Amino acid sequence: MALIYNTIDKVNCDPQQLSILVEILWDKDTQLAPVHTDEEKMCDGPVRLSANSSGYWEIEVQPNDLISPDSVYRITHYRDDTGVPQLQYYISVPDGASPSYWVGDLLVTEPAWFNGSDWGGANDVFTI
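Quick summary incoming for the structure in this document. Predicted model, so just to flag it, every value in this text is computed and none were measured.

**Brief notes about the side chain of T76**
No. 1: Structurally, T76 is set in strand β8 (residues 71-79).
No. 2: A polar side-chain atom of T76 sits 3.1 Å from a polar atom in the side chain of Q88.
No. 3: Those residues in contact with T76, other than ones at most four positions away along the chain, are S19, I20, L21, E23, P85, L87 and Q88.

**As for the sheet that holds strand β3 (residues 35-36)**
Strand pairing in a sheet takes place through backbone hydrogen bonds and is either antiparallel or parallel in direction.
No. 1: If you walk across this open sheet you meet the 3 strands as β4-β3-β7, and the pairing is antiparallel. Either end of the sheet is taken by a strand with one partner, and the two such strands are β4 (41-42) and β7 (67-68).
No. 2: Alignment of β3 against β7, held across 2 bridges, turns out to be antiparallel. Looking at β7, one finds that V35 is bridged to S68.

Each value, and the rule that gives it
- Residue numbering note: each chain is counted from 1, following its sequence as written.
- Per-residue local features are limited, in this predicted model, to residues with pLDDT of at least 70; the limit for side-chain atom pairs, both in listing and counting, is 80 or more; totals at the level of whole chains, interfaces and linings are taken over all residues.
- Excluded from the side-chain calculations are hydrogens and water; all other atoms, namely the structure's heavy atoms, are used.
- In DSSP terms, a helix is any run of H or I states spanning at least four residues, a strand is any run of E spanning at least two, and both are numbered starting from the N terminus.
- Polar contact criterion, stated in full: a pair of N or O atoms within 3.5 Å, where within protein one must be able to donate a hydrogen and the other to accept it, and residues adjacent in sequence count only if both atoms are side-chain atoms.
- Any two residues whose heavy atoms approach within 4.5 Å are treated as being in contact.
- Two strands make a pair as long as DSSP finds a minimum of two bridges between them.

This is the structure in structure tokens:
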């Protein structure tokens with residue numbers, strides 16, 4: 001497992017209270033479900049968690065390097081006061097000796113194989 005984390009601030013540097021949705025996305029045309037290749041386990045999700053009062057959140061996930069087929073994680077931030085999606089981005093988590101990563105170092109673009117109409121979630125929010 002790898003620990004991914006982030007801290008969210010508003011533009012005026014006040015902490016942001018958010019809910020975070022972490023989803024695994026994979027190439028559905030090549031395989032019906034994502035599989036952790038080393039442990040004979042299927043990966044599932046999504047997982048919802050909350051940022052703490054300082055805007056910090058963390059979660060352990062399987063590294064994408066160990067998942068078949070190609071996969072990424074999609075992270076969506078939801079403001080707790082409105083429930084409206086505020087920010088959405090994609091990350092790819094490596095398998096490393098020190099498995100603790102700031103999500104800002106893991107950003108990737110939306111994969112070419114990804115077809116948003118095949119997936120639930122907030123596809124109409126700003127994507128970085």
